[in-house]
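Working through the structure, step by step
Chain by chain, the residues run as shown.
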Amino acid sequence: MKVGVPICLLAGAILSFPFLGEAAATFAARNKEQAANSQQQTTLSGRVLDGDGQPVQNATVAIQGTGKAVSTDENGRFVLESDRTDATLVVSYVGFETKIYQVSGNTSDIVIQLDGKNDLEEVVVVGYGTQKKINLTGAVSQINSEVLENRPQPNLTRMLQGTLPNLNLRMTDGSPTRSAAFNIRGITSIGAGGNAMVLIDGVEGDPNLLNPNDVESVTILKDASSAAIYGSRAAFGVVLITTKDVGKGKPRLDVRLSQSVNQRTVVPNLVTDGYTWAKNFDDAFYAWYDYKTHPITVNANFPFSLEYLERLKNHDPSQGDAVYNESLGRYEYFGSTDWFAALHRDRMPATEASITASGGSEKAKYFVSGLYYHQDGIFRHSPDDFNKWNVRAKGEVHLNDWLTFDNNVDVSTYQYGYPLLANGDAGIWRYWAVSGFPIATMYNPDGTFTRQAVEAGASFVDGSSRSDYDRFFVRTTPSVTAKPFGDLVTFKANFTYAKTFNKDKRYNNYLYSSDRPGQTARFGNSLYRTLSDNTTYWGSNITAEVKKTLNDAHDLGVLVGYNIESNRWDNFDAQRDGLLVPGKPDFNLMDGLNYNIAGGGNEWKYLGVFYRLTYAYKSRYLLEFNGRYDGSSKFPDNQRYGFFPSASAGWNISEEPFMAGSRTWLDNLKLRASYGSLGNGNVAPYRYMETMSVSKTSVILNGVQTPYTSIPGVIPDGLTWEKATTLDVGVDATLFSGRFNLTFDWYSRITTDMFTAGQPLPNVFGAAVPFGNYADLKTNGWELTLGWQDQFDAGGTPFHYSVSGSLWDNQSEILKFNNPTKVLASTYYDGMKLGEIWGYETLGFFASDEEAANWADQSFLLNSNTNEYLAGDLKFADRNGDGVINQGKNTVDDPGDRMIIGNNSPRYQYGFTVSGNWKGVGISAFVQGIGKRDWYFAPEADLFYGPYNRPYGFQPKIMMDDYWTEENPNAYWPRYRGYTALGTNRSLGAPQTRYLQDASYLRVKDITVNYTFPEAWMNKLGIGKAMVYLSGQNLFTFSGLYKHTDNFDPEIIENPAGDMTNSHGQGDAYPMLKSYTLGLNFSF
Amino acid sequence: MLYITASVGLILSLASCNDFLETEPFDKLVPGSFFATEEDLELYTNSFYQQMLPSADAATQGDGMADYSSITQSSNFISGNYSSVDEGSWNWSNLRNINYFLANYNNEAIPEEARNHYAGIARFFRAWFYIEKVQRYGNVPWYDTPLTTDDEALYKTQDPREVVMQHVLEDLNFAAENIREAKDNTSSTITRQVALAYKSRIALYEGTYRKYHTELNLAGTADQWLTEAANAAKMVMDAGTYSLYNTGRPTSDYRTLFISENAVSQEVMFAMVFNNALKRWHALTWKFNSATYGSRWGLNKQFINTYLMTDGSRFTDKAGYDELLFVDEMANRDNRLAQTVRSLGYKRSDGSPAPPNFGYTFTGYHILKWSMDDKRLDGIGEAYNTIPLMRYAEVLLNYAEAKAELGEFDDMEWAKTIGLLRQRAGVNAAIPQTADPYLREVYFPEIADKYLLEIRRERGIELCYENLRYQDLMRWKKGKLVEMPWKGIYVPAMDRPMDLDGNGTPDVSFVSKTPDAAQPGVTYFVIDNNISKLSGGTSGHVIWGANEERSFEDKKYLYPISNSDIVLNPSLVQNPGWK
């Protein structure tokens, strides 16, 4: 378990106490002063009632501008002392609109009636418009800006994790630029693939470039019915991100400042003592070689011998950890280097500053925002700093009473520079596993780098090899809205132009290491690369919407629209070796003959017409039809267009006359159902065309590497759209004047005609079997959202609190796949549950060598150089009783001794928030997690398997106390042997029951404590509102994984991807960060 | 309203027709408009080189399976229970790529000579493709068009070897007649001479295979192939385009061929080119000088014994030749020996002595041929010596062997072939008077012809580790030779450090267990009497892989057809003896 005391948070709280105390004192003094100055004391009393005339308990009644407030009693009564008879009362209660009541004359028996605010009136963003929540018939979830507030993060995706039910975001590491695919409702397609379509203000965009403070709401459209209006790219749902609306009225300025300190959530707990490490290394190696051969090198390049080990043991530290050995003619190393500590920082600051201005008149309104975010990198010497800037400007002009023109401009950019290894890009964490030996040191006595250092990241010290990544994005969307016939018809037309530029300048410089004084050896490259690409997009949407209510009973709505989009992506990469001046990477300053220029790109276009028809009878019976006729450039002529309709219906039971009796407690109860089928247009452009690529040969012909082309791939047969058909049933309920709400959805999504390889052909065919629409998949799941909010009286002041959370699940099964023999070799078969793990059943350890010798033949799983099993080695169940432990024919029907031992799909994911607010002090916590997930670490998970993977790898401290010996037969790990987890064909690397991990986790993503200064007090300072907050992110994590390892963050267990990783070594990735933030928000 | 109508109209008219959705890739070629010019043909045929040339590893390490080499562990094929399940699926994509070209290149807008030249290149590579299939599987199906998904021919059975080889010969003849003559001084492209030289290799292979594999009942056709081989080789010899690289420095000329960055195009006819400036690198130096990265290849003592003395006499005629100390047996031998394995006085480029390393080899005959002298390259994959794939020396050997097999070899031919090779190696080229008893005893008891024995000796030595030996054994039907023990240097006693490079300091010691206090600079080689042994118990020759059961039954002259391929096409017939 991982419970660190959040020292910073505590310290912050202690530090801020005197300040708060002082503030409170000042405040109290002022009240006293006011009281003293009062001329006339009046008692104000009355009752607060709800829409049905029922008393409202615990409602807050405050006198505006004084800070005086009381809560109502069980009869809805309140009594307040006031110094004036014409006071303005502000009455608020959860679930109701806040009411302003002007006292005039009567000061007793005041009756204030509250209007229900419960979220039925709430408006939800849907495709090409908005809809009242009560009229929704599809599966839609939405969060609003407050969920994202006061959580400074490098990007929006990180902030959204866990906030919306069945929006599955898997952050594979902690890098500030890391994004995640937006997945809605689980596995989409094993063919063309596909994720949710992400729209920012109605146009596809990258949420990571967005200023999170600009976001007003994030909505996900989960079922076919809600998404159908977006057609083929919405087959797997839509994420609608809406930015804040232009202001109106008084100019308003918001300033937000925050300062954070980031730390790694997990610092690997490894042996770093040189001798201990070297001894363990030798033991692991020796054991694999059947106790016959000691290593002569550590990973082939660091000399090793028993005699050296002996000297390591007796080394006198005063001689230094790198010593020149005359007789060997080289340096010898006696280090105890902690490479993680040497190259990482422990605390990294981050700063965010943002400003938002809005205002305007009835004729013209504006909204302007800017953000600067800076995050210091995690590396000590050559830090990977991240900077992000955003500017958004929105303006709206009402040309006349029916015509509005507006524009929305967004300029975003970020820069991220990070160190590279001298010999390429590959992952530093992985390099530490295979080269960062504690016995090695960074420097020789003369200050030169050691051989091991250059391999294990000396370039991270001298900063000579780096990547400087720059992303720039600009987008403008002008639009017109016309209402020529009042509210009956609304025409909207917009046009978007967007351009994205990405440029990555990467340079590697040679590093020099030394084995002995006066000698140097070169390592790495002298190479400069620019990887650049740009994307040009334009698109337009035109819609017309008619709304009409007939006879006060029939609500009709018609929306028709037209959409056109075009996107072109151009790539340009250049590279050359031979940097003349290491610090000046530029193609003008290079002399290498090895160079390469690559272009490339693609384009796609879409055209579509769509409609939505809605009908509601007295808000009781709801019907909705969506559909789209879509054209895509990605499909051949005869398949270019597709029509995708959907339908949904809702029944507001609570609106029925027969439910009248339940109105006092049941605000709303609605049943929903929807069904629809959408084409998945997510195939790569040109997939259906025969094309021939031209590349440069790697072989040298006539002295040069020359271009070549070759046979085009065999084109797919009769390619058509994959289809995703979703059935969704749901229920929404709101109870107790909006205090309790519930939403539940169950769905089944069947993806048919998935684009997968066809029936295998004899290999003499000589080409990959063309893909076709051959496979089917079913994903079932559900989502449950519950919320409770209320307030009670605490010392005369209401304490507001709320608890809300979502739990969701999904599971996928293959219905059809071309694998008649059901081979288990990394492919699918009919009936397969995605994520299933096949493995052996571990019975434990052999108690004696005899037992091992007499047991079933386990030689299929390598256990040592000559494949010997001894006491303490793993013992597997001979499940099929054939006397041999193996994988049989590796098919479902003959899996040998294997069975399904688990499933690595994340199940029962959840996110919930608890918050409370009292006297301007707010506290909230947001928790996110996965309820069930099995995990079997891949063999190269060096942080897990340690020396069992490679003897020279990491040595997790807790492992080194927990492996089998005769004295410790009940340990977790087997007989200590290197290389037994080097592959899945080895005794420990083979998936098996004993080492299956529980990767479920619960993570406290955010805890925030804030204090809003009294308005009256701030007004004196000319500040409208001011709030200070302390927030901690990712502070606590609980996971089943921690039972046997403390080296992983449970979110970073998959194969690493992206910068600074090389896709091997699960967990060898940019660490997840936790942070402590102090922030100040002002508005004027 | 006006704006809207206007913009709707504008956008609709932009997109009113299907043309809007018609996109052609702008960064790729489309077959319909390709194959239009000679440059197009060249662009396409470059792919054959890209896809079919062997890697540096494949071009040098194949002989690890042969009789003269020891490695960490024999392949499963030789010492394990190999079956058709272990055999991977065969890959035919290179053939499809060639056949697609041959189906499309014939555009009359291109001059006929150019068309034929590139068709010749394609057919050369098709022969290359098929010979590799025939060598591995014997009978294989012949295809000369790209197959469609519903082609019945996908499911046909194998064509007989003689049919396939007849097509191969036609392809090679077409190549030799139509590929352009001009010599390529970079040795990187196929010219007419290269095609002829390759033809001599293939025809010799097929001729001898048929001659010695009498079970095929094709022995009657062997001489036709041998004649083709001799004629093709003769054409190369007569053309005079190439000659042996001989600068009169017998101690270095031979190795220069293998460690030069630029191919020595006087002799090297075709090569896999590597280049430091272009960062075209391979890892051979590392692999041949690593305890773990490579397979610790080493030559066996039996083969080392075949190297003659510089005076032309046989080493094996010396008394006690087999129990000489390493430093003694290396003296005064055919100069190619010290250029093939690490020998006396070998130094790296920085002047440091480099005796054979028992950490990198098991027998002590540490292969030097492909390693560059720069020590840096022992730990980094940046070696840049060009790897010859076809040398004029082989053409001489092909010619000599074909002639000898035809019974047409004599002293005149000796002087034109073997004589030249021995001269270059600084070995007295005198013609031996008798058949070598050692060669007969250890290798070829069935061969009585002294010329043929000498040609085979010469071929083994000259082309050592050039990826030809294993196929030589196959065509001579000498697969049994791989069962030979992996014999290393002579060790007079255990626990006694020995000097290997003659500089007086000890380099290796044979022990039963690594001592706790090791002597610096000494490699300790553990004799565990399981995998490693000394032939006399506590003294004698190092024997590596002693616990292996290497066996070569007749069925192993061919590999099994992969089980998975038979599942996909049940009409394929499994090779004899395999299941």
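For the structure, check the block above.
Residues numbered from 1 in each chain as written. Chains lettered and ligands numbered in written order. Predicted model: local features only at pLDDT ≥ 70, side-chain atom pairs only at ≥ 80, totals over all residues. Heavy atoms only, no water.

Description of a nonpolar patch on the surface
All names here are of chain A. Rules: Patch membership needs two things, relative accessible area over 30% and no salt bridge, and members are linked within 9 Å if like-charged or within 5 Å if nonpolar (Val, Leu, Ile, Met, Phe, Trp, Tyr). For the area figures, the Shrake-Rupley method with a 1.4 Å probe applies, and any residue is considered shielded solely by the protein chains shown. Just to be clear on terms, a salt bridge is a Lys or Arg side-chain nitrogen sitting within 4 Å of an Asp or Glu carboxyl oxygen. A run of DSSP states H or I qualifies as a helix once it reaches four residues; a run of E qualifies as a strand once it reaches two. Both are numbered from the N-terminal end. Burial classification: accessible surface area is computed with a 1.4 Å probe over protein chains only, and a residue below 20% of its type maximum counts as buried, one above 50% as exposed, and the rest as partly exposed.
Together, Phe485, Leu488, Val546, Val558, Val560, Leu613, Leu623 and Phe625 give the surface a local cluster of nonpolar side chains, amounting to about 610 Å² of exposed area. Counting only elements with at least two residues in the nonpolar patch, the list comes to β31 (554–577) and β34 (621–632). Mapped onto the elements of the fold, Val558 is located in strand β31. Classification of Val558 as partly exposed rests on a relative accessible area of 35%.

Brief notes about the sheet that holds strand β13 (residues 197–200) of chain A
Residues and elements named next belong to chain A. The cut-off we apply is this: Strands are treated as partners if at least two bridges between them are detected by DSSP.
Taken in spatial order, the five strands line up as β10-β15-β16-β13-β14 in an open sheet, and their pairing is mixed. With one partner strand each, in any of the chains shown, β10 (140–144) and β14 (203–204) form the two edges of the open sheet. Pairing between β10 and strand β15 (residues 215–221): five bridges, direction antiparallel. Note on β15: the bridge partner recorded for Asn144 is Ser217.

Remarks on the packing of aromatic side chains
The geometry of two aromatic rings is summed up by the distance between their centres and the angle between their planes. As a reminder of what qualifies: Under the pairing criterion, centres of Phe, Tyr and Trp rings, with the six-membered ring standing for Trp, must be within 6.5 Å; the plane angle then separates stacked pairs below 30 degrees from edge-to-face pairs above 60, leaving the rest tilted. Geometrically, a lysine NZ or arginine CZ counts as sitting over a ring once it is within 6 Å of the ring centre and also within 35 degrees of the ring normal.
The tally for this structure, following the rule as stated, stands at 115 aromatic pairs over all chains. With 6.4 Å between their ring centres and 20° between their planes, Phe1082 of chain A and Phe1084 of chain A make a pair best called stacked. Exposure remark for Phe1084 of chain A: the relative accessible area of 44% places this residue in the partly exposed category. Relative to Tyr198 of chain B, the ring of Phe124 of chain B has its centre 5.0 Å away and its plane inclined at 55°; by these criteria the two rings are tilted. With Phe124 of chain B in helix α6 (residues 112–137) and Tyr198 of chain B in helix α8 (residues 192–212), this pair connects stretches of sequence that are 74 residues apart. Note on accessibility: Phe124 of chain B and Tyr198 of chain B belong to one class, buried. Here Lys875 of chain A stacks its cationic end above the ring of Trp855 of chain A, 4.6 Å away from the centre of that ring.

So, the sheet that holds strand β10 (residues 540–544) of chain B
Residue and element names in this part refer to chain B. As a reminder of what qualifies: A fitted line through C-alpha atoms represents every axis, and for helices the fit uses only the stretch in contact; the resulting angles, taken between N-to-C directions, go from 0 to 180 degrees.
Spatially, β6-β10-β9 is the arrangement adopted by the three strands of the open sheet, whose pairing is antiparallel. Whereas interior strands pair on both sides, the edge strands pair on one side only; in this sheet they are β6 (486–491) and β9 (532–534). Across this sheet, the average inter-strand angle for adjacent strands is 25°, counted without regard to direction. Bridge count for β9 against β10 is three bridges, and the pairing is antiparallel. Its bridge partner lying in β10, Leu534 is registered against Val542.

Some details on helix α5 (residues 306–313) of chain A
Note the following rule: Note that the arc is defined by the directions from the helix axis to the C-beta atoms.
Within α5 of chain A, burial applies to Leu306, Tyr308, Leu309 and Leu312 of chain A. In an axial view of α5 of chain A, the angular spread of the buried residues amounts to 155°, which keeps them on one side of the axis.

Side note on the pattern of salt bridges
Taken as a whole and assessed by the stated rule, the structure comprises 98 salt bridges over all chains. Salt-bridge contacts for Arg506 of chain A lead to Asp425 of chain A; the nearest nitrogen and oxygen are separated by 2.8 Å. On the criterion of sequence distance, the pair formed by Arg506 of chain A in strand β27 (residues 489–508) and Asp425 of chain A in the loop between β25 (403–419) and α7 (428–435) is long-range, its members being 81 residues apart. Since its relative accessible area comes to 12%, Arg506 of chain A is described here as buried. For Glu382 of chain B, the salt bridge goes to Arg522 of chain A, with nearest N and O atoms at 3.8 Å. Of the two residues, Glu382 of chain B sits in the loop between β4 (365–366) and β5 (387–391) while Arg522 of chain A sits in strand β29 (residues 521–523), which places them in two different chains.

Side note on the nonpolar core
The tendency in soluble globular proteins is for nonpolar side chains to be buried as a group. Residue and element names in this part refer to chain B. Spelled out, the test is: Joining through side-chain atoms within 4.5 Å is the link that ties buried Ala, Val, Leu, Ile, Met, Phe, Trp, Tyr and Cys residues into a set, and such a set is a nonpolar core. Two residues qualify as a contact provided that any one of their heavy atoms is within 4.5 Å of a heavy atom in the partner residue.
By size, the foremost hydrophobic cluster in this structure holds 171 residues, and its most contacted members are Phe101, Phe124, Phe125, Tyr130, Leu299, Ile489 and Phe510. Top contributing element to this core by residue count: α6, with 14 residues. Beyond its immediate stretch of four places on either side in the chain, Tyr130 contacts Trp92, Leu95, Val140, Pro141, Trp142, Tyr143, Val164 and Val168.

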